[in-house]
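Coordinate inspection notes
Each chain is listed here by its residues.
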Amino acid sequence: KAADVWRGHPVYALDGTSFMLPDSRTNEEAFGRPATSRGRAKSAYPRLRALVAVGVFTHLIRHVAFDAFSVGELTLAERLLPEIQKGSLLLMDPLFTSYAWLAGLARKRVHFLVRGKEGPRLVRVRGVKGTTANDYRARLEVPNKLKGRKDLPASLEVRVIKLSAPGREGKQREITLVTSLLSRTKYPASKVAELYWARWEAELAYREIKTHQAAKQVTFRSQDPDRRTSARTGSGRQQAARVSRAH
């Protein structure tokens, strides 16, 4: 755990992936087959949806949730939330800018760093000392469709950090990061940006599982859907994973 700690916070990249399963009727009924780009055709193998929390620096899998391919990543994320340690920091892509999800993290005191975008629900807070045009406090306001939910706050206090990154044809593109790490002193913008780019290191963990730890054509070998989601798993003997599935 210590190897994945950044400024006092255990740091994990949270992202989704999928795995091929043996071509059996039971696996197809339990997990489904994704559509292909060729009209109504289906993929050659059933697929398992997975959401994985990977140690950013060690590439060790800390938590994972499995389910049918049709189950969304945010649904799996809600299942993993009880397993995530208070004080952890999750690095996430724009899919996870869901207000209800971020509010759930804040309620449990789990920090987040997610790529987002400016919009009418992201209102800049004026008068905060030391803020700049590229590093400022804001209120993320609850969407109208969720205002009836009593378990959600009217707004979340966040920090917005803007940075430039190489884009297509050598052009620079602006990236907006939204985070619960509010202190500019403890968490300098440059260091926060460096940490976010480390999120891509999680791809190495997925590649190791898919390519080096299993057959290249079929990742999981069991024909039994229950065994696909109930066994503990991980990348080799050194990696452990918690498996969560709806009943």
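Reference entry: report on the structure contained in this document. Small disclaimer: the values here were computed from a predicted structure and weren't measured.

**Quick word on the overall build of the protein**
Secondary structure summary: the protein contains six helices and 11 strands in total. Burial statistics for the protein: of 247 residues in total, 46% are counted as buried. For the protein, the share of sequence-separated contacts (at least 6 apart) that also reach a separation of at least 24 residues comes to 59%. Surface accessibility of the protein: about 13,500 Å² in total, with carbon and sulfur atoms responsible for 48%.

**Comments concerning the environment of Val160**
Summarising the element assignment, Val160 is placed in strand 9 (residues 155–166). Residues Val160 and Gly116, 44 residues apart in the sequence, show an inter-C-alpha distance of 9.0 Å. Apart from residues no more than four positions distant in its own chain, Val160 is found in contact with Leu122, Asn134, Asp135, Tyr136, Ala138, Thr176 and Leu177.

**Digging into unusual backbone geometry**
Positive phi, normally seen in glycine, also occurs at His59, with a value near 65 degrees. By relative accessible area, which is 16% here, His59 ends up buried. One non-glycine residue, Arg109, adopts positive backbone phi at about 65 degrees. Counting through the fold element by element, Arg109 comes out in the loop between helix 3 (99–108) and strand 6 (111–116). With relative accessibility at 57%, the residue Arg109 sits in the exposed group.

**Some remarks on the pattern of salt bridges**
In the structure shown here, the tally under the stated rule is 10 salt bridges. Salt-bridge contacts for Arg159 lead to Asp135; the nearest nitrogen and oxygen are separated by 2.8 Å. With Arg159 in strand 9 and Asp135 in strand 8 (residues 135–141), the pair connects residues that are 24 residues apart, well separated along the chain. Asp135 shares its class with Arg159; the two are buried.

**What about the nonpolar core?**
Core analysis: the biggest nonpolar cluster contains 46 residues, and Leu14, Leu90, Met92, Trp101 and Leu105 have the highest contact counts within it. Ignoring sequence-local partners within four residues, the contact set of Leu105 consists of Leu81, Leu90, Met92, Val110 and Phe112. One finds Trp6, Leu89, Leu181 and Tyr196 within the second-largest nonpolar core, a separate group that totals 19 residues.

**Regarding helix 4 (residues 189–197)**
Those residues of helix 4 not exposed but buried are Val192, Ala193, Leu195 and Tyr196. Projected down its long axis, helix 4 shows its buried positions confined to an angular sector of 160 degrees, all on one face.

**Remarks on helix 3**
Since there are 3.6 residues in each turn of an α-helix, residues three or four apart along the chain are aligned in direction. Counting buried residues along helix 3, seven of its 10 residues qualify, which places the element largely inside the surrounding structure. The complete set of buried residues in helix 3 reads Tyr99, Ala100, Trp101, Leu102, Ala103, Gly104 and Leu105. Check the buried side of helix 3 and you find it contacts strand 2 (9–20), helix 2 (73–80), strand 5 (89–92), strand 6, strand 8 and strand 9. Positive backbone phi, at 65 degrees, marks Arg109, one or two positions downstream of helix 3.

**Topic: the packing of aromatic side chains**
Ring pairs (aromatic) are described by centroid distance and by the angle formed between their planes. Throughout the structure, instances matching the rule amount to four aromatic pairs. Ring geometry for Phe96 against Trp101: centres 6.4 Å apart, planes inclined by 55 degrees, an arrangement best described as tilted. Residue classification places Phe96 among the buried positions, given a relative accessible area of 0%. Residue Trp101 is classed as buried on the basis of its relative accessible area of 1%. Note that Arg49 overlies the ring of Phe69, its terminal NZ or CZ placed 4.2 Å from the centroid.

**Regarding the environment of Ser88**
The topology assignment puts Ser88 in the loop between helix 2 and strand 5. Look at Ser88 and you get buried, because its relative accessible area is 0%. In sequence terms Ser88 and Gly8 are 80 residues apart; their C-alpha atoms lie 8.8 Å from each other. Of the polar contacts made by the side chain of Ser88, one reaches the backbone oxygen of Gln85; its length is 2.8 Å.

Rules used in this analysis
- Residues numbered from 1 in each chain as written.
- Predicted model: local features only at pLDDT ≥ 70, side-chain atom pairs only at ≥ 80, totals over all residues.
- Heavy atoms only, no water.
- Helix = DSSP H or I, 4+ residues; strand = E, 2+ residues; numbered from the N terminus.
- Buried < 20%, exposed > 50% of the residue type's maximum accessible area, 1.4 Å probe, protein only.
- Contact = heavy atoms within 4.5 Å.
- Areas by Shrake-Rupley, 256 points an atom, 1.4 Å probe, with all protein chains shown as cover.
- Salt bridge = Lys/Arg side-chain N within 4 Å of Asp/Glu carboxyl O.
- Core = buried A, V, L, I, M, F, W, Y, C linked by side-chain atoms within 4.5 Å.
- Arc of directions from axis to C-beta.
- Phe/Tyr/Trp six-rings, centres within 6.5 Å; stacked < 30°, edge-to-face > 60°.
- Lys NZ or Arg CZ within 6 Å of the ring centre and 35° of its normal.
- Polar contact = N/O pair within 3.5 Å; in protein donor to acceptor, adjacent residues only side chain to side chain.

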